[in-house]
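Here are the chains, one letter per residue:
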Amino acid sequence: MSEVVAKQSTEANDAQNIKNPALGWMIAFLFIVSFLGLFSVVPLRKIMVIDFRLTYPSGTATAHLINSFHTPRGAKLAKKQVRALGKFFSFSFLWGFFKWFFTGGDDCGFEKFPTLGLKAYQNRFNFDFSATYVGVGMICPYLVNVSLLVGAILSWGVMWPIIGDKKGDWFPAELSSSSLHGLQGYRVFIGIAMILGDGLYNFFKVLGVTLLGLYMQIKKKNEGNISQEDGSSFPTTNPSLSYDDQRRTQLFLKDQIPTWVAIVGYVSIAIISAATLPHIFHQLKWYYIVVIYIFAPALAFCNAYGCGLTDWSLASTYGKLAIFIIGSWAGASHGGVLAGLAACGVMMNIVSTASDLMQDFKTGYMTLASPRPMFLSQVIGTAMGCVISPCVFWLFYKAFDIGLPHSTYPAPYALIYRNMAILGVEGFSALPKNCLMLCCVFFATAMVINLIRDVSGKKIASFIPLPMAMAIPFYIGPYFAIDMCVGSFILFIWRKMNKNKADAFGPAVASGLICGEGIWTLPSSILALSGVNPPICMKFLSRSTNARVDSFLAS
């Protein structure tokens, strides 16, 4: 939105498409839009956590970490689990510290290691030695990890090379691979289409099951079930669940958050937001905001569902969707670029806070915490973030030349998102050739795959990939899918060797790997802010390139 970023584009850099950052309006904006996501998925918490039994790997890892600090001293297994968690936590932290030494430049470090060859690395097929993703792979079900790998092979191994060969026919040859008018447009929009197809299918399926459950509950009035505010029911005892899971389920369903609280909260904040946001962004009309809030709960469900499967929040993906829809609706002559960017901020706040809340509910479920305090804590944390986050950004904004290409903090995504907004103003007609057709095909394919999974039975469905998981690598790349499959492979071999030990210690080991490298980001950020840079750049070159470099240095 800023003038610094706008001047780097040749289009839509007039005054009506520019708004420079200011601490006051940023805090007000966050307070207006950040709480909607919390209320949008509250009625669906039981469906996500208990009925679907989604993994939510980060929430699960956090729960294991918390539980490890509250174990009976006499439990030998618990002590061993804590010891294993601490051991792999330390290993992961030290591994992150070790990798940092080799990242002293662009495209340097173990993350850029071409483990499968330089040609594969050009298509992002490499193992990047991420302890975090290996740990996530150990927690996620095998089917999710395999689905990610299948999607990665389908997109980066087959589709993108074929479409890339169409350069000059389907899109202009002079465009870079990162241009949304070129290959990047296929990556972004086909992935979005598949995610929407999967998410909307599950949304309407859950809606149908919920309405049917409400009808059956009223008709039969089952006394042995715990009534839920979302119209479904869950037995107090389920023989297929362990005693621990039955206890967790009973406590999770005990302290209900009434549906009317979620509905009233969402509608009230939506009304306030629709009335006040146009005063912050004059280009963002109130009816644009109303349309966003009508569809936001469905998209929040899609994001929370996908995050439960893969631990990936695709808030930025849904934000891009808002950019294109609102930007094209507003038009270039009415500040469509700024309207699209503001709509992106609104949408990302809603869907990201929704997935964060479901992660917290999963943690609360596994730690026997009541949902009500969890929800209240999320509200308080969100309110604190609405103040702290803009203040931290403001310090950076005033201390550094943020947004300039050659500055310490060039903020490349600022320019990328602005270019997306410019493309959105131009409309879908600016998309590459056949892109819209491919989007429709993959949207329908996602729905058909889900339908086949539902009608084929549990045994056959366990071998059919998940469309939501398949779509994620379309845009991001295969590297993290390879890491997660390595985690699954480690757990698979471990179970073959000693199933009981793997089941007992697998979650603790995975949690240690995730948390250790995650904690390392804090000291690495402090080092970056202090101006301490890594001393070594480890980069990989082909033999011919290396020969040219050697001859250049020798001359």
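Residues numbered from 1 in each chain as written. Predicted model: local features only at pLDDT ≥ 70, side-chain atom pairs only at ≥ 80, totals over all residues. Heavy atoms only, no water.

J.: Explain the state of the cysteines residue by residue, including any values.
T.: If you walk through the whole model with that rule in mind, you get 1 disulfide. Covalently, Cys 108 is tied to Cys 537 through a disulfide, its sulfur atoms 1.8 Å apart. Measuring the twist about the S-S bond at about -50°, one finds the Cys 108-Cys 537 disulfide to be left-handed. Of the two residues, Cys 108 is situated in the loop between helix H6 (76-100) and helix H7 (118-122) and Cys 537 in the loop between helix H22 (499-529) and helix H23 (543-554); the sequence distance between them amounts to 429 residues. Residue Cys 537 is classed as partly exposed on the basis of its relative accessible area of 37%. (Disulfide = S-S within 2.5 Å. Helix = DSSP H or I, 4+ residues; strand = E, 2+ residues; numbered from the N terminus. Buried < 20%, exposed > 50% of the residue type's maximum accessible area, 1.4 Å probe, protein only.)

J.: Explain the packing of helix H5 (residues 57-68) against helix H15 (residues 336-366) to me, and be specific about the residues and the numbers.
T.: Two packed helices can be described by the angle between their axes and the distance between those axes. Two elements in contact, H5 and H15, have axes whose closest approach is 8 Å; the angle formed by their N-to-C orientations is 35°. The chirality of how H5 crosses H15 is right-handed. In this structure, H5 uses Pro 57, Ser 58, Gly 59, Thr 60, Thr 62, Ala 63, His 64, Ile 66 and Asn 67 to contact H15, whose residues at the interface are Gln 359, Lys 362, Thr 363 and Met 366. Residues that form the contact of H5 with H15 fall into these classes: 4 nonpolar, 8 polar and 1 charged. (Axes fitted to C-alpha atoms, helices over the stretch in contact; angles between N-to-C directions. Left-handed = near helix turned anticlockwise from the far one by under 90°. Contact = heavy atoms within 4.5 Å. Nonpolar A, V, L, I, M, F, W, Y, C, P; charged D, E, K, R; others polar.)

J.: Just give me the short version of the pattern of salt bridges, but keep the residues and values in it.
T.: Applying the stated rule across the entire model yields 5 salt bridges. Where Lys 99 meets Glu 111, a salt bridge forms, and the shortest distance between an N and an O atom there is 3.5 Å. Here the residue Lys 99 occupies a position in helix H6, and Glu 111 occupies one in the loop between H6 and H7, the gap between them amounting to 12 residues. For Lys 99, a relative accessible area of 4% puts it in the buried group. Overall, the relative accessible area of 31% leaves Glu 111 in the partly exposed class. For the salt bridge of Lys 433 with Asp 169, the shortest nitrogen-to-oxygen distance reads 3.7 Å. Separated by 264 residues along the polypeptide, Lys 433 in the loop between helix H17 (412-426) and helix H18 (435-455) and Asp 169 in the loop between helix H9 (142-164) and helix H10 (183-220) bring together distant segments of the chain. Here the salt bridges do not stand alone but share partners, grouping Lys 99, Glu 111 and Glu 517 into one network. (Salt bridge = Lys/Arg side-chain N within 4 Å of Asp/Glu carboxyl O.)

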